[in-house]
Amino acid sequence: MPNNMPNNMPNGAPANASGNSDFKEFLIQHGTKLGVVVLAVVIIVVVIVHFVGSKGKADMTQAELIGPGLAYAYVGKNDSALAEFEGLINGHKAKGLTLAKAALLAGNIHFQNGDFDGAAVLYQKALDNAGSAPLIKAGALHGRAAVSIEKKDYAAAAKLLENFISEFGERTGDLEDRYEKSEPADQVPTVADAMWKLTLVYNQMGAPAKAKAMAEKLLKIYGDNPVYSDRAKKFLASL
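Predicted model, so just to flag it, every value in this text is computed and none were measured. Residue positions are given per chain, counted from 1 along the sequence in the order it is written. For this predicted model, a pLDDT threshold of at least 70 governs which residues receive local features, and a threshold of 80 or more governs which side-chain atom pairs are given and counted, while totals over whole chains, interfaces and linings are taken from all residues. Hydrogens and waters are ignored; side-chain quantities use all the structure's heavy atoms.

**Topic: the packing of helix H12 (residues 208-221) against helix H13 (residues 226-238)**
For any two helices packed against each other, the geometry comes down to the angle between their axes and how far apart the axes lie. At a minimum axis distance of 9 Å, the contact between H12 and H13 shows a crossing angle of 145°. Regarding H12 and H13, the two cross each other, and that crossing is left-handed. In this structure, H12 uses Ala 211, Lys 212, Ala 215, Glu 216, Leu 218 and Leu 219 to contact H13, whose residues at the interface are Tyr 228, Ser 229, Ala 232, Lys 233, Phe 235 and Leu 236. Gly is put with the polar residues, along with every residue not named as nonpolar or charged; the nonpolar set is Ala, Val, Leu, Ile, Met, Phe, Trp, Tyr, Cys and Pro, and the charged set is Asp, Glu, Lys and Arg. Grouping the amino acids of the contact of H12 with H13 by side-chain chemistry returns 8 nonpolar, 1 polar and 3 charged. Interaxial angle, 0 to 180 degrees, is taken between N-to-C directions of lines fitted to C-alpha atoms, where a helix line uses only the stretch in contact. Going along the chain from the N terminus, every DSSP run of H or I of four or more residues is numbered as a helix, and every run of E of two or more is numbered as a strand. If you view the pair so one helix is near and one far, a crossing is left-handed when the near helix is turned anticlockwise from the far one by less than a right angle, and right-handed when it is turned clockwise. A contact between two residues is defined here by any heavy atoms of the two lying within 4.5 Å.

**A look at the nonpolar core**
Counting 60 residues, the largest nonpolar core has Phe 85, Phe 164, Met 195 and Leu 218 as its most contacted members. With residues near it in sequence (within four places) discarded, Phe 85 still touches Ile 66, Gly 69, Leu 70, Ala 102, Leu 105, Ala 106 and Ile 109. To define a nonpolar core, start from buried Ala, Val, Leu, Ile, Met, Phe, Trp, Tyr and Cys residues and group those joined through side-chain atoms within 4.5 Å. Exposure is judged per residue with a 1.4 Å probe applied to protein chains only, and the accessible area is read against the type maximum: over 50% gives exposed, under 20% gives buried, and values in between give partly exposed.

**Regarding the environment of His 142**
Residue position: His 142 is located in helix H8 (residues 134-150). Separated by 48 residues in the primary sequence, His 142 and Thr 190 place their C-alpha atoms 8.8 Å from one another.

**Points about helix H7 (residues 116-129)**
Residue count minus one, scaled by 1.5 Å, sets the expected span of a helix. Its 14 residues give H7 an end-to-end C-alpha distance of 20 Å, which sits within 8% of 20 Å, the value for a rise of 1.5 Å per residue. Where H7 is concerned, the buried positions are Gly 118, Ala 119, Leu 122, Tyr 123, Ala 126 and Leu 127. Taken together, the buried residues of H7 touch helix H5 (78-90), helix H6 (96-112) and H8. In the analysis that follows, any N or O atom pair within 3.5 Å is treated as a polar contact, provided that within protein one partner can donate a hydrogen and the other can accept it, and provided that, for residues neighboring in sequence, both atoms belong to side chains. At the N-terminal boundary of H7, the capping side chain belongs to Asp 115, with an oxygen 3.0 Å from the backbone nitrogen of Gly 118. Gly 131, located one to two residues past H7, shows a positive phi value of around 60°.

Structure, rendered in structure tokens:
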């Protein structure tokens, strides 16, 4: 993606003639390429929900519908997986949470293929049908934010990531509570990643104070996460 990041980013990437470094290269070098994280998390989520979340006969039937597409996705046959998922969606076979999972996985494949508009539609369909399932909702919100970043709509990306953190982030960074094991746990495992991306988005929007505050918050709450604490420290050191 051709997005540009101001040259005060912590990776120290060289600036181009306009004084900006490449946003995509920065993300790749730090292991945060948008969409890949989403896909990896969602496949795990779908497997868990598929085998654990089915109770009655109707639920089992719905869960089994997504199996063929998931099997193709697991071995990297994304074209076949996409055909299976979209067949469930367009053929109105999948309902409720199964529909949300199929839409989410199909959205990820569209995203990987560079069809961001198509991905956005499917992510929204996943949101509309996810009900109260936090992992599916989180994956879809993360996906929509990734699409907005790819399309350079940073204001929309910031709002989506802010909503993501507000809804799914539970950790407080209180070290005493953490020591006593009374600190609440996040609803999903990708809040730190969302905070990191929001730091980058704020910086891209020309809001360094917000970016600094988000990096400091990330460091406070996830200081025990070596990956994201290191990124936050490097970012703050570059200011």
